[in-house]
There are 2 protein chains.
Amino acid sequence: MSTGNPDVPPQTLAEAKAQFIHLWGVSGTSWGVSKTLAQVHALLLVSPAALSTEDIMSQLTISRGNASMTVRELLGWGLLYKELRPGERREYFVAEKDMLQVTRCIIRARKRRELDPMKRTLDQLATLPGDAADADYRAFHTTLTDIQQLATASDKLLTKLMLAERSWFWDKFFKLFL
Amino acid sequence: MSTGNPDVPPQTLAEAKAQFIHLWGVSGTSWGVSKTLAQVHALLLVSPAALSTEDIMSQLTISRGNASMTVRELLGWGLLYKELRPGERREYFVAEKDMLQVTRCIIRARKRRELDPMKRTLDQLATLPGDAADADYRAFHTTLTDIQQLATASDKLLTKLMLAERSWFWDKFFKLFL
DNA sequence: CACAAGTTTCAGGAATTATTGAAACTTGTG
DNA sequence: CACAAGTTTCAATAATTCCTGAAACTTGTG
C-alpha cells in the first residue's frame, strides 16, 4: 500500500484509502495517539469485511507484534470487535462503524485515562490552605479553582455526550448549537 | 524547583506549585503538547507577577533556547502577553488567567492547525466517485461521509464556543448540559 | 503427547521529538 | 561605533516513544 501522499487528488479507491489511512495516522499523532493505532483503526473503518492480523500486517507493512498489540488496544477502547469464524482458529476484526459509537468510545477511554486522574490531582491541590494575604497563594488558589471548575464542566458535558441517546445527541448538537 | 511528585499531598505552596506544573506537563504530553510548553504555561498561570525568560529558565531548569522558543509559541497561541517595563530591556511575560479565554485560545489554535486541514482532506476524499455496487467503495464512501459530518458538526460547535459571549457560554454550557 | 496454526510478549534497535548551548543577531546607550 | 544586555536560531545530542522480530506461549487435533 502506498504512502497516501496528501494533496494529490486520489484517482483510485486504493489511493483514496491510502490517503485516508495516512490522514488518520497524522491526526492521531497530533492528539497523542500512536500512528499505528490510528492507522489500523482507519484501515478497518474503510474495510467492509473483517480482517485478520495477517491482513493488517501486510496492508500496513507493520510487524506481527505491533499489529497484535495495536489490535488488542483498539479492542480495549471498544473500537473493534472480534469476529470468530467456525472451524477457523484465526481471529478476524471489524471496526465499529457508527461514528456516534466511535465518538463515545474515544471519549470514554480518554476521560478515564486522562481527565479523571487529572481531576483527582486538581481536587487535592485546590484544597491547599494558605494565607489569603499572600499574592502567590491567591494566584495559585484562584487558578486552581478555575481550572477545577472547567474540568468539572467538561467532565459533565462529556459524560452526558457519552450516555446520551442518539436522538438527544443530534437534537442538541445540531438544532441547538448549529 | 522539585519534581512535583504526585499523590503526596502537598504541604507547602512551593510543593503544590511544583505538582501543578508537573501535572500540566504530563497532561499536555498525552494530548500532543510538549512537556515544556505545558510547564511554562502552568508556571505562568500560577505566578501573580510577570516573569522574565531568565526566571522561567531557572524555575523550570530549562535552557535559554528552550525557554525562548516556548515563550514565543505560547505568545502565538495567545496564552501569554508581553509586559514591557519602561527603562528595562528585558521582557516579562504574564499568562492569560481567564480560563474561558484560555479555552478559546487553545480551541482556536488547534482547530486551525489540525481540524481545518483535516477537513479539507476529508472533503477531497469524500468526493471520489465510484461504483455503488462495489462493497469496498460503499464502505469507504459511507465512512468518509460520516466522518465528514462529524468533523463539520465539531467545527461548528467549536467555532460557536470560540466566539461565544461569556454569558452565552455559561448559560448553555451549564444550565443546558449539566 | 507431538505437532501445527495462531497469538502474545518484550528486550533491543529504529525513528521521532524535544532540548541544549553556543554563535549570531538586535537594540539601546555612552 | 563599540559595547552591553538581551533575544533568537539551529546543528548536535539527548530523551522518549515506537516498532521489530524472535522466542515463548496457547490451543485444537490426530
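Nothing here was measured: the structure is a model prediction, and the numbers come from that model.

### Overview of the protein's contact with DNA strand C
Moving on, step 1. Taken together, 18 residues lie near DNA strand C, and Arg89(A), Glu91(A), Thr36(B), Ser63(B) and Arg89(B) sit nearest.
Moving on, step 2. Atoms of DNA strand C within 4 Å of the protein belong to the sugar or the phosphate in 55% of instances, the rest to bases.
Moving on, step 3. Asn66(B) has a polar side-chain atom sitting 3.0 Å from a phosphate oxygen of DNA strand C.
Moving on, step 4. Residue assignment for the surface near DNA strand C shows that the elements contributing at least two residues are helix H4 (64-77) of chain A together with helix H4 (64-77) of chain B.
Moving on, step 5. Ranked by residue count, the leading element in the surface near DNA strand C is H4(A), at five residues.
Moving on, step 6. Looking at the surface near DNA strand C, its residues break down into three nonpolar, nine polar and six charged.

### Observations concerning helix H3 (residues 53-60) of chain A
Residue and element names in this part refer to chain A.
Moving on, step 1. The set of residues buried in H3 consists of Thr53, Ile56, Met57 and Leu60. Viewed end-on, H3 has its buried residues packed into an arc of 100 degrees, placing them on one side of the element.
Moving on, step 2. Downstream of H3 by one or two residues, Thr61 has phi in the positive range, about 50 degrees.

### Quick word on the domain arrangement of chain A
Residue and element names in this part refer to chain A.
Moving on, step 1. Partitioning chain A into domains gives domain 1 (13-95) and domain 2 (99-172).
Moving on, step 2. Each partner contributes residues to the interface: domain 1 has eight residues there, and domain 2 has six residues.
Moving on, step 3. Around 640 Å² of area is buried between domain 1 and domain 2 when both sides are counted, 66% of it from carbon and sulfur atoms.
Moving on, step 4. On the surface where domain 1 and domain 2 come into contact, there are one salt bridge.

Calculation criteria
Residues numbered from 1 in each chain as written. Chains lettered and ligands numbered in written order. Predicted model: local features only at pLDDT ≥ 70, side-chain atom pairs only at ≥ 80, totals over all residues. Heavy atoms only, no water. Near = heavy atom within 4 Å. Polar contact = N/O pair within 3.5 Å; in protein donor to acceptor, adjacent residues only side chain to side chain. Helix = DSSP H or I, 4+ residues; strand = E, 2+ residues; numbered from the N terminus. Nonpolar A, V, L, I, M, F, W, Y, C, P; charged D, E, K, R; others polar. Buried < 20%, exposed > 50% of the residue type's maximum accessible area, 1.4 Å probe, protein only. Arc of directions from axis to C-beta. Domains from an automatic or database assignment. Contact = heavy atoms within 4.5 Å. Buried area = accessible area lost by both parts, 1.4 Å probe. Salt bridge = Lys/Arg side-chain N within 4 Å of Asp/Glu carboxyl O.

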